[in-house]
Amino acid sequence: MGVSRLDVFYRRLLLTKLFIQGWGKPEDLKRIFEFRKIIGDREKCKDLVPKDYPVFIDKIEEQNDCRILNGHFTSPLEHFLPGILPAESVKARFQFILPRKWKKFKPVCIHLAGTGDHFFWRRRTLMAKPMMKETGMASLLLENPYYILYGAAIHHRSSLRNVSDLFVMGGALILESAALLHWLEREGYWPLGMTGISMGGHMASLAVTNWPKPIPLVPCLSWSTASGVFTTGVLSKAVNWRELEKQYATDTVYEEEITRMLEYCGMDSFRMGQDFVKNSPSSVDTLSGLDLPADFLSMPTPQASALSAEGRGRSGGQASWPERGCGGGLDPMLSAVSSSRPHLDMLTARNVAEQRQPHRSLQHESLGFMKGVMDECTHIANFSVPVDPSLVIVVQAKEDAYIPRSGVRSLQEIWPGCEVRYLNGGHISAYLFKQGLFRQAIYHAYDRFIQKYSKYSIF
């Protein structure tokens, strides 16, 4: 299956750069990786957020067709990793859209925001109000950390400045979702479920893995890991690879300490990175000028992913970090770039030849490191399986160029029993024209929950 030309064209129209400040503080990466081991295990995580966690309503707005409640609470992540969130993100904000009259039960769906989905108006207009009119379902819209509202102005930070920001955001949303689910239960709403589009769908998936009860989940336009999004998807062209490569080469802590903390070593842990590097230009920053072929995202089979000359490290043929999995060190050949001429003369012919392409080798290692850290904190297989995967309905676009599926484990493999529905077209066309199908999947997941756990059906 090829990729959507609209996805590629749309990405070219956007000038936004991702991760402009680099990987983030090594100390923050270490802290979030250690915390991932806790929130990745439901038994360890289920009691982190108390059932009576305080939530506050700041404003109630009465409209002709609904009531809108605006509220806040302190992000639970601040209690466990103090100081890791930006100061303005410590207070989590949400908007709750309720119908004037309930039809039968009081169903509520929590919507997490996708990339660039600042504040609440987009989710409220395209999903929440139509869902209320079609089925009487209420919606709770949680604002993403880093998407901050200052009075009437929005602080645009959807272009996350550090790679670590994405992981901090994920940890915060997991715990904040738990706080809201507890609050909704206390208030008597039921059944409860979660959804999101693109990044919001992936964050909703991570949040549900930690909820200790059966719960409907409908992740739209997301998949099993975010690593491919930033290494092989069209968003990889927006990544500030020059800064990432520079930091990786100059600060040995990323390779000598952080890589040793990475635990995810699944069968898909480095397959994508190999194929991308093999086909990448001499500089990833030139990706914006590429004319991507339709099969750009096609991945090799496990047999075809065997180590090649380009997939090996620079010291005597030993596999570089991506092939070694979770561990290893920066190849000593990096230091030889600045060595004296007599020293270079003593190198083997093979090493001298490799010296002529130091950037490509560094690019290889940076891509591998990106793949590793992304899989560590975003790969669904690094988290618990939902209590009842049959309540999960995944909605995917067949030609999605933003969310590559080739070369990574499928959600059906990781969550046996979940359902995957495929739509024609790509990421952008699905977002613009298929939201009605997203809503239908939500209704079906809730109805499935009711049929399985109650004698009533609501839709």
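Note: the structure precedes this text.
Scoring rules and cut-offs
Residues numbered from 1 in each chain as written. Predicted model: local features only at pLDDT ≥ 70, side-chain atom pairs only at ≥ 80, totals over all residues. Heavy atoms only, no water. Helix = DSSP H or I, 4+ residues; strand = E, 2+ residues; numbered from the N terminus. Buried < 20%, exposed > 50% of the residue type's maximum accessible area, 1.4 Å probe, protein only. Contact = heavy atoms within 4.5 Å. Areas by Shrake-Rupley, 256 points an atom, 1.4 Å probe, with all protein chains shown as cover. Phe/Tyr/Trp six-rings, centres within 6.5 Å; stacked < 30°, edge-to-face > 60°. Lys NZ or Arg CZ within 6 Å of the ring centre and 35° of its normal. Core = buried A, V, L, I, M, F, W, Y, C linked by side-chain atoms within 4.5 Å. Polar contact = N/O pair within 3.5 Å; in protein donor to acceptor, adjacent residues only side chain to side chain. Axes fitted to C-alpha atoms, helices over the stretch in contact; angles between N-to-C directions. Parallel < 35°, antiparallel > 145°, perpendicular 65-115°, else oblique. Left-handed = near helix turned anticlockwise from the far one by under 90°. Nonpolar A, V, L, I, M, F, W, Y, C, P; charged D, E, K, R; others polar. Salt bridge = Lys/Arg side-chain N within 4 Å of Asp/Glu carboxyl O. 1 Å grid on protein atoms, 1.4 Å probe; cavity = no way out; pocket = protein on both sides within 12 Å on 5 of 7 lines; lining within 4 Å. Points joined across faces, edges and corners; volume = space filled by probe spheres on them. Pairing = 2+ DSSP bridges. Patch = residues over 30% accessible without salt bridge, like charges linked within 9 Å, V, L, I, M, F, W, Y side chains within 5 Å.

Attention now goes to the overall build of the chain. What the chain contains, in helices and strands, is 19 helices and 11 strands. Put simply, the chain has 459 residues, and 60% of those count as buried. Within the chain, residue pairs in contact and separated by at least 24 positions form 79% of the contacts whose partners lie at least 6 positions apart. Here the chain has roughly 18,400 Å² of accessible surface; of this, 54% comes from carbon and sulfur atoms.

Looking now at the packing of aromatic side chains. Applying the stated criterion across every chain yields a total of 17 aromatic pairs. With 6.3 Å between their ring centres and 45° between their planes, tryptophan 23 and tyrosine 254 make a pair best called tilted. Taken together, the residues tryptophan 23 in the loop between helix H1 (5-13) and helix H2 (26-39) and tyrosine 254 in helix H10 (residues 253-258) connect sequence positions 231 residues apart. Ring pairing ties together the aromatic residues Tyr53, Phe73, Phe94, Phe96, Trp102, Trp183 and Tyr189, which thus form one cluster. The ring of phenylalanine 383 carries the charged tip of arginine 36 above its face, separated from the ring centre by 6.0 Å.

Judged by nonpolar contacts, the single largest core of 99 residues is most densely connected at Trp23, Phe33, Phe96, Phe167 and Met194. For phenylalanine 167, the contacting residues outside a window of four places in its chain are Leu29, Ile32, Phe33, Val373, Met374, Cys377 and Thr378. Of all hydrophobic cores here, the second largest spans 19 residues; its members include Leu221, Ala430, Ala441 and Ile442.

Along the chain, threonine 135 turns up in helix H5 (residues 121-135). Residue threonine 135 is classed as buried on the basis of its relative accessible area, which comes to 9%. Within the local environment of threonine 135, its side chain forms a polar contact with the backbone oxygen of methionine 131, the two atoms lying 2.9 Å apart. Among the polar contacts made by the side chain of threonine 135, one reaches the main-chain amide nitrogen of methionine 137 at a distance of 3.4 Å.

At a minimum axis separation of 9 Å, helix H6 (residues 163-186) and helix H7 (residues 199-209) run at an interaxial angle of 55°. The angle between H6 and H7 places the two elements in the oblique class. Crossing handedness for the pair H6 and H7: right-handed. Mapping the contact onto sequence places Leu166, Met169, Gly170, Leu173, Ile174 and Ser177 in H6 and Met199, Met203, Leu206 and Ala207 in H7. Tallied by class, the residues present in the contact of H6 with H7 amount to eight nonpolar, two polar and no charged.

Tallied over the entire structure, the rule returns 16 salt bridges. A salt bridge links glutamate 134 to arginine 439, with the shortest nitrogen-to-oxygen separation between them at 3.1 Å. Remark: arginine 439 occurs in helix H19 (residues 435-453) and glutamate 134 occurs in helix H5; sequence separation between them is 305 residues.

Turning to the layout of surface pockets, a few remarks are in order. Roughly 1,100 Å³ of volume is contained in the largest pocket. Looking at the lining of the largest pocket, its residues break down into 25 nonpolar, 18 polar and five charged.

A separate point is the pairing of strand E2 (residues 66-74). Most of E2 sits out of view: seven of its nine residues are buried. A loop of three residues connects strand E1 (residues 56-62) with E2, the two strands running antiparallel in sequence. Strand direction decides the pairing type here: E2 and strand E3 (residues 91-99), joined by nine bridges, are antiparallel. Bridging across to E3, glycine 71 finds its partner in phenylalanine 94.

Close contact between H5 and H19 brings their axes to 11 Å; oriented N to C, the two are set at 55°. Considered as vectors, H5 and H19 are oriented oblique to each other. Note that H5 runs across H19; the crossing there is right-handed. Of H19, the residues touching H5 (which contributes Leu126, Met127, Pro130, Met131, Glu134 and Thr135) are Gln435, Phe438, Arg439, Ile442 and Tyr443. Of the residues that constitute the contact of H5 with H19, the class distribution is seven nonpolar, two polar and two charged.

All right, on to the side chain of histidine 111 then. Tracing the chain through its elements places histidine 111 in strand E4 (residues 108-112). Each residue touching histidine 111, except ones within four places of it in the same chain, is listed here: Arg123, Met127, Met131, Ser139, Leu140, Leu141, Leu142 and Thr195.

A word on the environment of threonine 209. Locating threonine 209 in the fold gives a position in helix H7. Residues threonine 209 and isoleucine 39 lie 170 residues apart in sequence; the distance between their C-alpha atoms is 9.0 Å. At 3.2 Å, the side chain of threonine 209 forms a polar contact with the side chain of asparagine 210.

Taken together, the side chains of Leu6, Phe9, Tyr10, Leu13 and Leu14 present a nonpolar region at the surface, about 450 Å² in accessible area. Within the secondary structure, leucine 13 sits in helix H1. Leucine 13 gets classed as exposed once you look at its relative accessible area, which sits at 52%.

The subject of this paragraph is unusual backbone geometry. The residue after tryptophan 190, namely proline 191, is reached through a cis peptide bond having omega -5°. The residue proline 191 is located in the loop between H6 and strand E8 (192-197) in this model. Residue serine 198 is not a glycine yet carries a positive backbone phi of 60°. In this structure, leucine 221 is a non-glycine residue whose phi angle is positive, near 60°.

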